[in-house]
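Now for the letters of each chain:
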Amino acid sequence: KAGVTQTPRYLIKTRGQQVTLSCSPISGHRSVSWYQQTPGQGLQFLFEYFSETQRNKGNFPGRFSGRQFSNSRSEMNVSTLELGDSALYLCASSVTGNTEAFFGQGTRLTVV
Amino acid sequence: GNSVTQMEGPVTLSEEAFLTINCTYTATGYPSLFWYVQYPGEGLQLLLKATKADDKGSNKGFEATYRKETTSFHLEKGSVQVSDSAVYFCALSGGQGGKLIFGQGTELSVKP
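Cut-offs and rules
- Residues numbered from 1 in each chain as written.
- Chains lettered and ligands numbered in written order.
- Predicted model: local features only at pLDDT ≥ 70, side-chain atom pairs only at ≥ 80, totals over all residues.
- Heavy atoms only, no water.
- Contact = heavy atoms within 4.5 Å.
- Buried area = accessible area lost by both parts, 1.4 Å probe.
- Helix = DSSP H or I, 4+ residues; strand = E, 2+ residues; numbered from the N terminus.
- Nonpolar A, V, L, I, M, F, W, Y, C, P; charged D, E, K, R; others polar.
- Core = buried A, V, L, I, M, F, W, Y, C linked by side-chain atoms within 4.5 Å.
- Buried < 20%, exposed > 50% of the residue type's maximum accessible area, 1.4 Å probe, protein only.
- Salt bridge = Lys/Arg side-chain N within 4 Å of Asp/Glu carboxyl O.
- 1 Å grid on protein atoms, 1.4 Å probe; cavity = no way out; pocket = protein on both sides within 12 Å on 5 of 7 lines; lining within 4 Å.
- Points joined across faces, edges and corners; volume = space filled by probe spheres on them.

J.: For the interface of chain B and chain A, give the residues involved together with the corresponding values.
T.: In this complex, chain B contributes 17 residues to the contact, which on the side of chain A involves 19 residues. Carbon and sulfur atoms make up 52% of the area that chain B and chain A hide from each other, which totals about 1500 Å². For the chain B face of the interface with chain A, the top three residues by lost area are L44, G98 and F102 of chain B, together amounting to 29%. Counting only elements with at least two residues in the side of chain B that touches chain A, the list comes to strand 5 (32–38), strand 6 (44–50) and strand 11 (100–102) of chain B. Among the residues forming the side of chain B that touches chain A, the class breakdown is seven nonpolar, seven polar and three charged.

Right, dumping it as structure tokens:
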């Protein structure tokens, strides 16, 4: 069974640009969550999608957005990138969101 | 709100030593508790879980018991190996769908 797949693995963007990250969950999983990992703040929850609807949202500015498609694949978008957005972005999928979550390898975003 | 506190690292042990990583939590209701492990350059892997009080999660020689009376979920292993070197995260799910709350992580280094 394939795991959670995140693309791309690495990205370098310039301040002010926007970026889209992609996450393909494990087959049959309908919940997809996104997290930001930085050395200073640790792992912080961004948002969760379930059946194409955002069900939970963390404390991030509106520049961070996401969506989920009918096949449960999810994308997150960050607009007007700032240097502080440099981080590892992790996606996790679970069957319903109330069961254990499985993580992808992450996308390493560097903003210069 | 819900929170997780882990012992600070880094923790350095010799091979075959006993490992304990402390984790305590604050939560309303009855959260599920998890330990995740992150190897360098990788995403998070679920190590073990417990969903109710007095449950013991175990995997690959690691164990943790859900103690509601002390709000703790300490990770233990009787004999660590060099390959156990990684960062370990304690997390809780408080029933808010796919939202996990993580501790700050504990880096473990095992020397031969």
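And the narrative resumes.
J.: So what's going on with the nonpolar core? Which residues, and what values?
T.: Of all hydrophobic cores here, the largest spans 26 residues; its most connected members are W35, L48, F73, L75 and Y88 of chain B. Elements represented by at least two residues in this core include exactly strand 2 (11–14), strand 3 (19–21), strand 4 (23–26), strand 5, strand 6, strand 8 (62–65), strand 10 (86–93) and strand 12 (106–111) of chain B. The element best represented in this core is strand 10 of chain B, accounting for four residues. The residues touching Y88 of chain B, leaving out its near neighbours within four places in the chain, are Q6, I21, W35, Y36, V37, L47, F62, L75, G105, T106 and L108 of chain B. Formed by 21 residues, the second largest nonpolar core is a distinct cluster that contains W34, Y49, V78 and V111 of chain A.

J.: Can you explain the pattern of salt bridges? Please cite residues and give values.
T.: Summed over the entire model, instances satisfying the criterion amount to nine salt bridges over all chains. The partner of K52 of chain B in a salt bridge is D55 of chain B, with the nearest N and O atoms 3.3 Å apart. By relative accessible area, which is 51% here, K52 of chain B ends up exposed. Its relative accessible area of 21% is what places D55 of chain B among the partly exposed residues. Beyond isolated ion pairs, a larger network of salt bridges with shared partners links R63, E82 and D85 of chain A.

J.: Run through empty space enclosed by the protein, naming residues and quoting values.
T.: Using the criterion set out here, one finds one cavity of 30 Å³ or more in the structure. Roughly 80 Å³ of internal volume is contained in the largest cavity. In terms of lining, the largest cavity is formed by 14 residues, of which the most central are S94, G97, T99 and A101 of chain A together with G98 of chain B. Those elements that place two or more of their residues in the lining of the largest cavity are strand 4 (31–38) and strand 9 (87–94) of chain A.

J.: So what about the layout of surface pockets? Which residues, and what values?
T.: Size it by volume and the largest pocket reaches roughly 360 Å³. If you trace the largest pocket, you find 22 residues lining it, with Q37, T38 and P39 of chain A together with Q38 and F89 of chain B closest to the centre. When contributions to the lining of the largest pocket are tallied by element, the ones reaching two or more residues are strand 4 and strand 5 (42–50) of chain A together with strand 10 and strand 12 of chain B. For the lining of the largest pocket, the per-class residue count stands at eight nonpolar, 11 polar and three charged. Space inside the second largest pocket adds up to approximately 250 Å³.

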